[in-house]
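# Structure at a glance
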Amino acid sequence: MNDSMRRGAAILLLLLGGAALWWAGNGAPASASANDAMVATMAAARERAAANDPRLKGASRFEEGGWIYVHLEGDPGAMGYQHGYLLAPEIEDGFAAVSAGMMHSTQRDWEFFRKAAHEMLWPKIDAEYQQELQGIVEGLRARSGSKLDVDDIVAFNAFEELPDYYVPWLNKQLKAANAPNLKSPGNCSAFVAAGSWTKDGQIVMAHNNWTSYRNGERWRIVFDMAPKSGYRMLMDGFPGVIASDDDFGINSDGLMVTETTITQFEGWDPNGKAEFVRARKALQYAGSIDEYTKIMLDGNNGGYANDWLLGDRKTGEIAQLELGLKAYKLWRTKDGALSGSNWARDPKVLKVDAPEFDPGNKESSPNARRERWDELLKENKGKIDVALAEKMLGDHTDSAEKKEDANERTLCGHVDGSARGVKEWAWQAYYPGGAVQGKATDATMAKEMRFMARMGHPCGGDFLAKPFLAAHPEFAWEEPYLRDMKAGPWTEFRSGQSAKE
Ligand SMILES: [Zn+2]
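This report concerns the structure included in the present document. Fair warning: this is a prediction, and the values are worked out from it, not measured in the lab.

Once that is clear, we can look at the sheet that holds strand β9 (residues 306-312). In a beta sheet, neighbouring strands pair by backbone hydrogen bonds and run either parallel or antiparallel. The strand order across the open sheet built from 9 strands is β1-β2-β5-β6-β7-β8-β9-β10-β11, with neighbouring strands paired in mixed fashion. Here the strands that pair on one side only, and so sit at the sheet edges, are β1 (60-64) and β11 (328-333). This sheet shows a mean twist of 15° between the axes of neighbouring strands, independent of strand direction. Pairing analysis gives 6 bridges linking strand β10 (residues 317-323) to β11, with the strands arranged antiparallel. By the bridge assignment, Leu 323 is partnered in β11 with Tyr 328.

Quick look at the structure:
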């Protein structure tokens, strides 16, 4: 008997054992427990069989500082399988929380999103990513016997673009009566700086992710990916999603990437390519700012429209790609600081892609944070490094009120503490959302494929679900999904890392 035959025989015995238990238990008083035992035995057998799958070769997982680090490698199908297998419990949990949010805000059922994924998104996804998404389903099923299929996973991957870009566009097309108030999200505070702005002239890049705490507390994966083609990548991300999606990543050819979304963006092209596919492809294949721009523009569907903040450590150049649907603009410099806090600045993009946005309202979250970034970056010109960037991500100065007060206008957002909410994103008063984690790196670290990351509010503050829900029963629907979000320490991650001894 060779090894694989021995393994096969062992699995068969386990399966037979399970069946025998079930059979023996049928009709007997203890049938329920015998049935449970059979299910457990079968699950154990399935898991053992899956663990021996050659597609898992080279993949690994460990946890540190509140993050889950996974290393994925190989061809697209294998990378997907590893992703689905290693993160199966987190994918099931993340899918439940995210899909509940998508259905709640849009008042559409899940079948609607599956159909959009199948008919509109799937045909335009590159074969490589179709294989990876299919691989996620296979790995997930092998590990946990999941019922999720590829339409579920594609709709889930598009959670930043289907509910808040496609659905409002569709409602407008259909002239839907009583359509819910859906707004493109205002995710994140970020900057990239270089030249005379940074301590030693090299690029420094930092980003904190703003989203609902419900989703954000699950946005805790560090993906180290070594694909068969394209560059090595290190990025933060969401379990089950192939792009970083809050977007913070570096690749081995020198590109450093982050973004913040464009507030009150409107528009969608049903014939375009999903944003999550373009964003992943750009991080994997772009070796320059020009290549990055080209990939993002190819098939632009308007989904999850962002101001991309880019750095090329090979040239020392940084850039801002304001990617609207009808218009876009690229700024680039080797000496400057480019910040983002969910505002568009090009007059044409504002006019044609975000017509409702008021750049003059100093009290709105995007504009107040824009002013704070300007102030903070100028104050620290020539001193900016990763340690300072980490502090900036936890900043609590409200520039509209000129005081320290963690709220919806501070770089480290705490909207759950604000009676104003953020109307531009349809976040009602005390919305449980804000900054959920932060990351920072510089060109030296990026060359060594390293970055710093902190899970939870970058200031170190904790969010506690139980007292929040008791004080705000209007968010009771989130109760099954909303958990404590306790801040972890700033932690360094790098490509090829293994668990601490
Ligand atoms: Zn904070």
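Once the structure has been displayed, the description carries forward.
This brings us to the coordination of the zinc ion. Distances from the zinc ion to its protein donors, His 396 (NE2), Cys 412 (SG), His 414 (NE2) and Cys 459 (SG), fall at 2.0 to 2.3 Å. Considering all 4 donor atoms around the zinc ion, angles at the metal cover 102 to 117° and the coordination shape is tetrahedral. Donor residues for the zinc ion, ordered by position in the chain, follow H-x15-C-x1-H-x44-C. You can see His 414 sitting in the loop between β14 (403-404) and β15 (433-442) and its partner Cys 459 sitting in the loop between β16 (450-455) and α16 (465-471), a full 45 residues away along the chain. Classification of His 414 by relative accessible area gives buried; the value is 12%. The exposure class of Cys 459 is partly exposed, given its relative accessible area of 30%.

Per the counting criterion, the structure on display carries 27 aromatic pairs. The interplanar angle of 50° and the centroid separation of 6.0 Å between the aromatic rings of Tyr 165 and Phe 265 together place this pair among those described as tilted. Linking Tyr 165 in helix α8 (residues 162-174) with Phe 265 in the loop between β8 (255-261) and α10 (275-285), this pair joins segments that are 100 residues apart in sequence. We note that Tyr 165, like Phe 265, is buried. When the ring of Trp 427 is compared with that of Tyr 431, the centres are 4.4 Å apart and the planes differ by 20°; the resulting orientation is stacked. Taking relative accessible area as the criterion, Trp 427 reaches 8% and is therefore assigned buried. Every member of this aromatic cluster is reached through a ring pair, and the members are Phe 95, Trp 110, Phe 112, Phe 113, Phe 156, Phe 159, Tyr 166, Trp 169, Trp 219, Phe 238 and Trp 268. Over the face of the ring belonging to Phe 112 we find Arg 108, whose NZ or CZ atom lies 4.5 Å from the ring centre. Lying across the ring of Tyr 85, Arg 143 places its NZ or CZ 5.1 Å from the centre.

About the thresholds
- Residues numbered from 1 in each chain as written.
- Predicted model: local features only at pLDDT ≥ 70, side-chain atom pairs only at ≥ 80, totals over all residues.
- Heavy atoms only, no water.
- Pairing = 2+ DSSP bridges.
- Helix = DSSP H or I, 4+ residues; strand = E, 2+ residues; numbered from the N terminus.
- Axes fitted to C-alpha atoms, helices over the stretch in contact; angles between N-to-C directions.
- Donors = N, O, S within 2.8 Å, 3.2 Å for Na, K, Ca; no water.
- Tetrahedral: all angles 85-135°; square planar, octahedral: opposite > 155°, others 65-115°.
- Buried < 20%, exposed > 50% of the residue type's maximum accessible area, 1.4 Å probe, protein only.
- Phe/Tyr/Trp six-rings, centres within 6.5 Å; stacked < 30°, edge-to-face > 60°.
- Lys NZ or Arg CZ within 6 Å of the ring centre and 35° of its normal.

Everything listed is a geometric property; what it means functionally is a separate question.
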